[in-house]
Structures are given as C-alpha cells and as structure tokens.
Amino acid sequence: MPRTAELEPLATRVLAPNPSPMTLDGTNTYVVGAAGSGQAVVVDPGPADAGHLAAVEAVLTTRDARLVAVLVTHHHGDHAEAAAPWGRRFGVPVAAADPAVAGPGGRVLTPGERLPLAGTTLGVVATPGHTADHLAFRLESGAVLVGDHVLGRGTSVVTHPEGDVLAYLASLRRVHDLGPSALYCGHGPELTEDPQAVLDFYLAHRAHREQQLLDLLADGPRTVGEMVAEVYAAVPREVWPAAAQSTRATLDKLVAEQRVVPQAAGVFALA
Ligand SMILES: [Zn+2]
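Here is a short report on the structure shown in this document. (Residues numbered from 1 in each chain as written. Predicted model: local features only at pLDDT ≥ 70, side-chain atom pairs only at ≥ 80, totals over all residues. Heavy atoms only, no water.)

### Regarding the coordination of the zinc ion
Here is the rule we go by: For Na, K and Ca the donor cutoff is 3.2 Å, while for all other metals N, O and S atoms count as donors only within 2.8 Å; water does not appear among the atoms, so some sites may look incomplete. By the criteria applied here, four donors are tetrahedral when all angles lie between 85 and 135 degrees, four are square planar and six octahedral when opposite donors are over 155 degrees apart and every other angle lies between 65 and 115, and any other arrangement is irregular. Runs of H or I in DSSP of at least four residues are treated as helices and runs of E of at least two as strands, each being numbered from the N terminus. A simple rule labels every residue: compare its accessible area, found with a 1.4 Å probe on the protein chains alone, to the largest value its type can have, and call it buried under 20%, exposed over 50%, or partly exposed in between.
Only Asp78 (OD), His79 (NE2), Asp148 (OD) and His187 (NE2) from the protein reach the zinc ion as donors, at distances of 2.0 to 2.2 Å. If you look at the zinc ion, its four donor atoms make angles of 85 to 157° with each other, and the shape they trace is irregular. Written as a sequence motif, the donor arrangement for the zinc ion is D-H-x68-D-x38-H. With a gap of 69 residues between them, His79 in helix 2 (residues 77-80) and Asp148 in the loop between strand 11 (143-147) and helix 5 (165-177) connect regions that are remote in the sequence. Of the two residues, His79 and Asp148, neither departs from the other in class, the shared state being buried.

Below, the structure written as structure tokens:
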C-alpha cells in the first residue's frame, strides 16, 4: 500500500511503519477534514514514530489545515500510542471512549454524538466487541472509519477477556445499518466495493467459527488449544494466540447461552 493516499476530499490515509501478522501492512492513520476549511483531526495516530509523525504533518501542510484533535478508535497501542505525545505536540485534546486514553485535558466520547469540525462533522458510532471501548467514526460522505472492527484483509479478532462476541455481532449490524459508502480500516486497504456485503461476510464468518467449535465439541470435550489447532490449522502459527482469544470469546458466548459447559483443566464440552 502507498504510504499516503487521499481517499476522498474528506480523508487521507497515512500508513504507519509497523507491519506485523496482526497489524497487516501497519496501522492506518487518517487525517480528516473538509477541503479548504483549515481544520483537520487525526484518527488513530498509531505508533509514536518520528517518520510517521512527519508524514502526517506533511498531509496537514498539503491540506493547509491546523490539527484540532486526535481521535482514537480504541486503546490498543498500535492505534493509541502516539495519542498523548501528538496531543501535547500540537496542543490539542485527545478524544476517545476510554478515559485513560483521553487523558487529563482530553475528551471522553459518547456514542451518538457528532463532533463538529469546520465545514463538516464526524459521527461517533459505538462498535464494542474487538475491545470494550471501540468506536467508529462516520464521515458526512457516508464512509466509516472502523478501526479494528473490520480489517481490509482477513477478519478481525474478538479479544479475550476484554472483547465480547455478542457486542461484536451487534456492532457489525449497527455499522451495516448505517449503509456505509466505504469502510476505512485500521489495517489493510480501504473497502469501497459493497461494504455491506463485507459486514454480511463478517457476520457469516462468526457464525461459521461458532459452528466449527460446536462440531468439534460434538466429537468430545476439548481444550481451547486443541480447538485452535484444528480450526486454525491452515493459518500461520503466529496468529494462533489471537485465534485463541477469539475462540475463548466465542466459548464465553456459548457458555452464556448454556450450549457449552466448562469442565476442569480448561476443557470445554457440549452442554
Ligand atoms: Zn490494531
């Protein structure tokens, strides 16, 4: 992916230099503002990296825009690490759902609120699931900045113990029902062709993973590690720890629904 890409007049993507199996090409930082308005916000500053900061500052210069706030989708370091230092550097507040991320002098965001910016607004959308504090931001163009709720390639992770599969499914439906014109993801390329079909696929994928676990347990009780080795046999082992978290989160849902019961020594069985 190119380091910097203008996606539409409202939004430019700047790719951070932190690629990994979990962050794909790296974290996408977005500079958002109405063209010619002189104002912009940054969504997900990403890692505290001098080169990345310089690339974002170059976009602000090109847009002839002054930064007015740093917004954060969720507390994970690959999205939030630079929030406090950039807030101090630019003398602007950090805005996030997690008070620890917003910090002293920051702004704790409430789902449903609209953030006014010169010439445009951003809508704050609750998208818990990947983490409890996860937010998405809807642009007036209809595009939605989805953080790690949806990735540009593959699928996202419902973390454990913080994440929540039921909340995640509800969040997928919430973004689906916004009728997004595009999804600008925290990692990977933007999804511009039929975003609702992508969200439908994510919902179907979760249902598929859940059924895979139920099918395995129908053969007999298993540990999480055994289930991960069978369900994720085809994916690289470096993502198995994340797969184990999603598996644990799915088992929590099935236990809450009384379809699965935890046994001794980390073993799960059908109820
Ligand atoms: Zn991330």
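### Some points on the nonpolar core
Rules: Buried residues of nine kinds, namely Ala, Val, Leu, Ile, Met, Phe, Trp, Tyr and Cys, make up a nonpolar core once their side-chain atoms join them within 4.5 Å. When checking whether two residues touch, look at their non-hydrogen atoms; a contact exists if any pair is within 4.5 Å.
Ranked by size, the top nonpolar core spans 23 residues in total, and within it Val32, Val41, Leu71, Leu122, Phe137 and Leu139 carry the most contacts. For this core, the secondary structure elements donating two or more residues are strand 3 (28-32), strand 4 (39-43), strand 5 (66-71), strand 8 (114-117), strand 9 (120-126), strand 10 (135-138), strand 11 and strand 12 (182-185). Examining the composition of this core, we find that three residues originate from one element, strand 5, more than from any other. Excluding residues that lie within four positions of it along the chain, Val32 makes contacts with Leu10, Ala11, Gln39, Ala40, Val41, Val43, Leu117, Leu122, Leu139 and Leu145.

### A closer look at unusual backbone geometry
Omega for the peptide link from His160 to Pro161 comes to 10°, which places this bond in the cis form. Mapped onto the secondary structure, Pro161 falls in the loop between strand 11 and helix 5. Look at Leu24: it is not a glycine, yet its phi comes out positive at around 55°. Here Leu24 is to be found in the loop between strand 2 (11-15) and strand 3. You will see that Asp44, though not glycine, has its phi angle at about 60°, which is positive. Structurally, the position occupied by Asp44 is in the loop between strand 4 and helix 1 (50-62). Since its relative accessible area comes to 2%, Asp44 is described here as buried.

### Comments concerning the pattern of salt bridges
Applicable threshold: Put simply, a salt bridge is a Lys or Arg side-chain nitrogen that is within 4 Å of an Asp or Glu carboxyl oxygen.
Across all of its chains, the model carries ten salt bridges by this definition. In this structure, Glu210 and Arg259 form a salt bridge, with 3.0 Å as the shortest nitrogen-oxygen distance. Linking Glu210 in helix 6 (residues 195-218) with Arg259 in the loop between helix 8 (240-256) and strand 14 (260-262), this pair joins segments that are 49 residues apart in sequence. Residue Arg259 is classed as partly exposed on the basis of its relative accessible area of 34%. Put simply, Glu257 and Arg259 hold a salt bridge, and the shortest N to O gap is 2.9 Å. For Glu257, a relative accessible area of 31% gives the class partly exposed. One connected set of salt bridges, linked through shared partners, spans Glu210, Lys253, Glu257 and Arg259.

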